[in-house]
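Reading the structure
Chain by chain, the residues:
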Amino acid sequence: MRSVLLVDNGSSRPDSTLNLRRLAARLAEQIGEPVRPVSLLHADRVAAERLDGQPAEILAPTLRHLVSEDRRDLRLLPLFFGPSRALTQFVPELAAQITAEFGPFRLEVAPELCPLPVGEPRLIEILADNLRVAATRAAIAPKRVVLVDHGSPIPEVTAVRRWLALGLARRLGPDVRLEEAVMERRPGPEYDFNGPLLEDLLSRLAEADRETPILLSMLFLSAGRHAGPDGDIAQICARIEARFPPLHIEVSPLVGSHPGLIEILASRLQ
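Residue numbers restart at each chain and count upward from 1, following the sequence in its written direction. With the structure being a predicted model, the display of local features is reserved for residues of pLDDT at least 70 and the display and counting of side-chain atom pairs for 80 or more, all residues being used for whole-chain, interface and lining totals. Excluded from the side-chain calculation are hydrogens and water; included are all heavy atoms of the structure.

**Some remarks on the pairing of strand S5 (residues 144-149)**
Here is the rule we go by: Here's how the labels work: a residue is buried when its accessible area is under 20% of the maximum for its type, exposed when over 50%, partly exposed in between, all with a 1.4 Å probe on protein chains only. Secondary structure elements follow DSSP: runs of H or I no shorter than four residues count as helices, runs of E no shorter than two count as strands, and numbering proceeds from the N terminus. Strands qualify as paired when DSSP identifies two bridges or more between them. Here a crossover is taken to be right-handed if, once the strands point away from the viewer, the path from the first strand over the helix to the second is traced clockwise.
The buried fraction of S5 amounts to six of the six residues, a majority that puts the element mostly inside the structure. Residue alternation in S5 divides its side chains into two sets, Arg144, Val146 and Val148 and Val145, Leu147 and Asp149, and both sets are buried. Note that S5 and strand S6 (residues 177-182) share six bridges and pair parallel. The partner of Arg144 across the bridge, within S6, is Arg177. With helix H5 (residues 155-172) bridging S5 and the parallel S6, this β-α-β connection has right-handed handedness.

Okay, here's the thing in structure tokens:
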């Protein structure tokens, strides 16, 4: 019998682990078999009492436990938009270590959420739908949109955001100006492919026009240090609005809160 693991990067914020568990439960209901929510790293820093009394599971000890119990048919379902080093380096190296300790086992890694060059049109629809929710909530017409993600020094990961941005721009139409931004990037021109920092971009947009609202399209799966009601993005938006009244910035829901994500995950597992 196979074991299915839904794996995210992990966060020291409890909301991220709780969302991972919600997604795993909904996916299990969809596919008719158990799905184990596991984080790559970080989540074990969260006290169990902040996680409904159940400590977060981390990938390395979870894999070792499963294989030591002779459960050697494993499926890893990545909760990642692109081919991060977690998938291309960390997981293969960990699998090699566990093989050396316990002998051979089968670990199949499903494709990430938006595998290029094919991409994932359903993610574009999720982003567009979340923007509609934000625009309706704020009673504004979408004229300026910023697609923001965590940021990555890996060009292949940034290419995923670029693919989604191009598709989203086509989906929104020529009357909407769409920009891209990141929460983290390394200094130096060699990382310019990653795009501008969100606060810098919002400042430029606000200086040019403080009357037209800005919609943030959130390319994040769960609330964590950057996303969420108390995250860095909320604080950045509050600072920009305070500097440039009467500018309004409206933040879209997260991709991980959209029901369409479960269909994508189920298809990746297949």
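**Digging into the nonpolar core**
Short version of the rule: Put simply, buried Ala, Val, Leu, Ile, Met, Phe, Trp, Tyr and Cys residues joined by side-chain atoms within 4.5 Å make one nonpolar core. Contacts are residue-level and defined by heavy atoms, with any inter-residue pair within 4.5 Å sufficient.
Core analysis: the largest hydrophobic core is formed by 41 residues, its most contacted members being Leu6, Leu79, Leu113, Leu123, Leu164, Val255 and Leu265. Contributing elements (two or more residues each) for this core: strand S1 (3-8), helix H1 (14-31), helix H4 (121-138), S5, H5 and helix H8 (260-269). With eight residues, the single largest contributor to this core is H4. Excluding anything up to four places from it in sequence, Leu113 contacts Pro78, Leu79, Phe80, Phe81, Glu120, Leu123, Leu221, Leu261, Ile264, Leu265 and Arg268. Ranked by size, the runner-up nonpolar core spans 23 residues in total, among them Met218, Ile233, Ile249 and Leu254.

**Considerations on H4**
Rules: By definition here, a helix of n residues has an expected span of 1.5 Å times n minus one.
In this model H4 runs 26 Å from its N-terminal to its C-terminal C-alpha over 18 residues, within 8% of the 26 Å that 1.5 Å per residue would give. Residues of H4 that are buried make contact with S5, H5, strand S7 (214-218), strand S8 (249-251) and H8. Where H4 terminates, the next one or two residues include Ala139, which has phi positive at roughly 55 degrees.

**Focus on H1**
Between the first and last C-alpha of H1 there are 26 Å, a value that for 18 residues agrees with the 26 Å anticipated at 1.5 Å per step. All of the buried residues in H1 are Pro14, Ser16, Thr17, Leu18, Asn19, Leu20, Arg21, Leu23, Ala24, Leu27 and Ala28. Check the buried side of H1 and you find it contacts S1, strand S2 (35-39), strand S3 (73-78) and H8.

**Section: the packing of helix H2 (residues 59-68) against helix H3 (residues 85-102)**
Note the threshold: Between the N-to-C directions of two axes lies an angle of 0 to 180 degrees, each axis being a line fitted to C-alpha atoms and, for a helix, fitted only over the stretch in contact. Helix crossings fall into two classes, left-handed where the near helix is turned counterclockwise from the far one by less than a right angle and right-handed where it is turned clockwise.
As a packed pair, H2 and H3 sit with axes 10 Å apart at the nearest point and diverge in direction by 35 degrees. Considering how the two elements wind past one another, H2 and H3 form a crossing that is right-handed. Within the contact between the two elements, H2 uses Leu59, Ala60, Leu63, Arg64, Val67 and Ser68 and H3 uses Val91, Leu94, Gln97, Ile98, Glu101 and Phe102.

**A closer look at the sheet that holds S7**
In spatial order, the strands read S6-S5-S7-S8; together these four strands make up an open sheet with parallel pairing. Lying at the two open borders of the sheet, with one neighbouring strand each, are S6 and S8. Neighbour to neighbour, the strand axes of the sheet diverge by 25 degrees on average, direction disregarded. Direction of pairing for S7 relative to S8: parallel, over a ladder of three bridges.

**A word on the side chain of Thr158**
For clarity, the cut-off: Any pair of nitrogen or oxygen atoms within 3.5 Å is treated as a polar contact; in protein, a donor-acceptor pairing is required on top of that, and neighbouring residues in sequence qualify only through side-chain atoms on both sides.
With respect to the helices and strands, Thr158 occurs in helix H5. Here the side chain of Thr158 touches Ser152 through a polar contact of 3.4 Å, landing on its backbone oxygen. Residue contacts for Thr158: discarding those within four places in its chain leaves Ser152, Phe193 and Asn194.

**Quick notes on unusual backbone geometry**
The omega torsion of the bond from Leu116 to Pro117 falls at 10 degrees, within 30 degrees of zero and hence cis. Along the chain, Pro117 turns up in the loop between strand S4 (106-109) and H4. The omega torsion across Pro245 and Pro246 is 5 degrees, close enough to zero to call that bond cis. Within the secondary structure, Pro246 is located in the loop between helix H7 (232-243) and S8. For Asp52, which is not glycine, the phi torsion reads 55 degrees and is therefore positive. Assignment of secondary structure puts Asp52 in the loop between S2 and H2. Taking the relative accessible area as the measure of exposure, Asp52 reaches 69% and is therefore exposed. For Ala139, which is not glycine, the phi torsion reads 55 degrees and is therefore positive. Tracing the backbone shows Ala139 in the loop between H4 and S5. For Ala139, a relative accessible area of 69% gives the class exposed.

**A short note on the layout of surface pockets**
The condition is simple: Here a cavity is any set of points on a 1 Å grid over the protein atoms alone where a 1.4 Å probe fits but cannot get out, and a pocket is any open set with protein on both sides within 12 Å along at least 5 of 7 lines; a residue lines the site when it has an atom within 4 Å of a point. Grid points are joined across faces, edges and corners, and a volume is the space filled by probe spheres set on the points. In the scheme used here, Gly and all other residues not listed as nonpolar or charged are polar, with Ala, Val, Leu, Ile, Met, Phe, Trp, Tyr, Cys and Pro taken as nonpolar and Asp, Glu, Lys and Arg as charged.
Here the largest pocket defines a volume of roughly 1,200 Å³. Asn9, Gly10, Phe80, His150 and Gly151 are the residues nearest the centre of the largest pocket, which is lined by 40 residues in total. Broken down by secondary-structure element, the contributors of at least two residues to the lining of the largest pocket are H3 and H5. Grouping the constituent residues of the lining of the largest pocket by class yields 16 nonpolar, 14 polar and ten charged. Estimates place the volume of the second largest pocket at around 190 Å³. For the second largest pocket, the full set of lining residues is Arg137, Met218, Ala227, Gly228, Pro229, Ile233, Ala234, Val251, Ser252, Pro253 and Leu254. Taken together, the residues of the lining of the second largest pocket break down into eight nonpolar, two polar and one charged.

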